[in-house]
Structures are given as C-alpha cells and as structure tokens.
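# Structure assessment
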Amino acid sequence: MKVCLALGGGGARGYAHLGVLKGLFEMGLKEFHAISGTSAGGMIAGLFAIHKDPEKIYETLRSFRESPLFHSLNFKETFSERDKLKKLYSNIREKVFMAKTFVSQSFLDEETRDRIFTHIYGKDTLIEQYEQKLRIMATDLVTGRDIAFQGGSMHKVMKATSALPGALPPVRLGDMLLVDGGITHNLPTIPILKDDCDVIIASDVSRSLPRKREYRNAAEILIRCEYISLRRLQDIESQFADVIISPELSEYEWYEFDRLDEILELGYKAFKKAQPEIEKAMNPIIRAKKRILLNRELIEKLTSHIVYFP
C-alpha cells in the first residue's frame, strides 16, 4: 500500500510531526511511498530521509539545542529585544519561521547558517542518495512558481524551504531565488498527488487563526490579510488528504523550541485520536472510491503550477 505523508509548516509546532511519526511507527508504518514537506515539515522530512527513525531525529535536535553553537546564538537575549516588535507584528506568519525555531530568532549570516545546517544534517549530501522519496516545497521569487524538490543538495533544499522572507536570505540556485514553500503550500498535499498515493496522511501543525480585534497600522492589517489568505489556501489543500492529524497547539508560539517534549507529546496524542480514521482510510473500498473521484486529468490540472526539480 502506498502511504504518503504531508508535513506542514508551523515553526516550533513542527516538533509535533515527530509525535505523529512515533505513532505511525508503533502502528507498523515505518516506510512511506512519498513524503512532502514545507518549512518545519520539510526539515523533519529531510531528517527522516537521513535517519529513518523519529527517535534519531529527536536525538539530533536535542543534541543541537545542547550544543555550544546553539547557545552562542543567544536566543533569549535576542528575543527579549525583538519582543518590542512583537506587538507590532503579533500575527506574523508562524509557519515560516522554521529555521529560527530550531536555531535562533536573530538574523543569521550565511556562515552561521551553514554551520547550523551542517550540525543538524551532517555533511552535505544529495537527496536522491536516500531511499525516501521527498517533495520539499520552496517558492521561486523570480517566476513565482512553486518548486517541489525531489533531489539536489540536502543542505541547499533545507535552507530554501525554511528561508523566511524578510528574516532569512533567499537561496540562489541557478536562475531561481528560493524562499519558504509555505507561501502557497503550507500543508503540501497537492505536490504528492502525482505519486499515486493510496492514502495521504497530513500532519497540520498550524491550524488555528488567533482572533485579533485591534490594528494600529497598515503593516498589521497587511500581515493579517496575508495570514487569512494563507489559511484559505491551506483549507483547500487539506481537502486532498485522506486523514488530517491536527494537534491542539494554540498555546504554543512559533519560537518555543524549548518545549520540544511537550509539543511532541501533543503530536502523538493527536495521532492516537486519528488512528481509527487512518485504519479506515486504508480500507480497499474507500481507496477505490478515491481513485474514481481523483482522476488523472484533475491531478494534472491541480499540479500544473508546480515544477518538480530536478
């Protein structure tokens, strides 16, 4: 059976993906036909391709948090300074702060960012050398196209999917200038429709839209409008998942990477709640009905805006 995963963006909330993977492993699902990921989800997908085990991913991230490199980033000091700006940008997109949730909230120079990705992913490798089929989402600023990476440099692809516009520099690759794929595919189910998945399980860690009644300037209004637009795109994409696992993470901010264990546990609890639905989705009759509704012509139309690279 071809079981595929779609791992969404959401900053530190992306740690919940590890809880979902833990549950899937316990269920006996340890291999996946394809995994798509955006931002936080993209980075977890990359780590899964390397380690093939959620426990090893956890140890990798915990090790980084305890490293001298991480402590040299002065997260708390940096955040206390930026907290003055938090009121102005209180609803900025939580999902696209992937790199900062695992490392820092400061602006990073290229050298520091390279050291971070080397620490987390080891020596740079090619995605295609791993058995896991990946679809890692980024957005090309030059053409406006969505890019689904299925090969290439692991470091460069991970940097691209986590490149927060305005906070982290875009990633140059040939004629492309790449930023976070969550701009249009924060819950990337559409990019794996071409993979003939029997079942698509989506892990959605940025479902909530916090209420906001007061807007003091044009910047806050523009950011809020973007946030709402992104939620609508995510609502559309969620329709293509057979099962959506949505941990309750409304109490967690994108920058709370120090709460790894709590967030992971909430992801695991959400999986346990969704497990009966996953088992139902694997029923052959249910899968047959899906094939009738989601025909090849429709899939081609839905994915026509995506460039699968290389």
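This report concerns the structure included in the present document.

So, how was this worked out
Residues numbered from 1 in each chain as written. Predicted model: local features only at pLDDT ≥ 70, side-chain atom pairs only at ≥ 80, totals over all residues. Heavy atoms only, no water. Helix = DSSP H or I, 4+ residues; strand = E, 2+ residues; numbered from the N terminus. Buried < 20%, exposed > 50% of the residue type's maximum accessible area, 1.4 Å probe, protein only. Contact = heavy atoms within 4.5 Å. Areas by Shrake-Rupley, 256 points an atom, 1.4 Å probe, with all protein chains shown as cover. Expected span 1.5 Å × (residues − 1). Arc of directions from axis to C-beta. Disulfide = S-S within 2.5 Å. Axes fitted to C-alpha atoms, helices over the stretch in contact; angles between N-to-C directions. Parallel < 35°, antiparallel > 145°, perpendicular 65-115°, else oblique. Nonpolar A, V, L, I, M, F, W, Y, C, P; charged D, E, K, R; others polar. Pairing = 2+ DSSP bridges.

Now for the overall build of the protein. When its secondary structure is counted, the protein shows twelve helices and nine strands. Counting only residues that meet the buried cut, the protein has 56% of its 310 residues in that class. Restricting the contact set of the protein to residue pairs at least 6 apart, pairs at least 24 apart contribute 80%. Surface accessibility of the protein: about 13900 Å² in total, with carbon and sulfur atoms responsible for 53%.

It is worth spelling out the side chain of Thr303 at this point. Within the element layout of this structure, Thr303 appears in the loop between α12 (296–302) and β9 (306–309). Residue class for Thr303 comes out buried when judged on its relative accessible area of 1%.

In this section: helix α7 (residues 110–121). When the terminal C-alpha atoms of α7 are compared, their 16 Å separation across twelve residues agrees well with the 16 Å that a helix rising 1.5 Å per residue should span. Three or more residues of α7 are buried, namely Thr112, Arg113, Ile116, Phe117, Ile120 and Tyr121. What you see down the axis of α7 is that its buried residues fit within an arc of 145°, all on one side. Residues of α7 that are buried sit in contact with α2 (40–51), α3 (54–65), α4 (68–72), α8 (154–161) and β5 (171–173). After α7 finishes, the residue Gly122 shows a positive phi value of roughly 75°.

All told, the structure shown has one disulfide when counted by the stated rule. With a sulfur-sulfur separation of 2.2 Å, Cys4 is cross-linked through a disulfide to Cys197. Because the torsion about its S-S bond is -90°, the bridge between Cys4 and Cys197 counts as left-handed. One end of the pair, Cys4, is in strand β1 (residues 3–7); the other, Cys197, is in the loop between β6 (176–180) and β7 (199–203), with 193 residues separating them in the sequence. For Cys197, a relative accessible area of 12% corresponds to the buried category.

With that out of the way, let us pick up the packing of α2 against α7. It is at 11 Å that the axes of α2 and α7 come closest, and there the two elements cross at 45°. Put simply, α2 runs oblique to α7. Contacts from Met43, Gly46, Leu47 and Ile50 of α2 reach α7 at Phe117, Ile120 and Tyr121. Classifying every residue of the contact of α2 with α7 by side-chain character gives six nonpolar, one polar and no charged.

Let's shift gears to the pairing of strand β3 (residues 134–140). Extensive coverage of β3 is indicated by the burial of seven of its seven residues. A two-sided burial pattern is seen for β3, the buried positions comprising Leu134, Ile136, Ala138 and Asp140 on one face and Arg135, Met137 and Thr139 on the other. Inspection of the sheet shows strand β2 (residues 34–38) paired to β3 by four bridges, in the parallel sense. In the strand pairing of β3, Thr38 is matched with Met137. In sequence, β3 turns back onto strand β4 (residues 146–149) through a hairpin of five residues, with Gly144 there showing a positive phi of about 80°.

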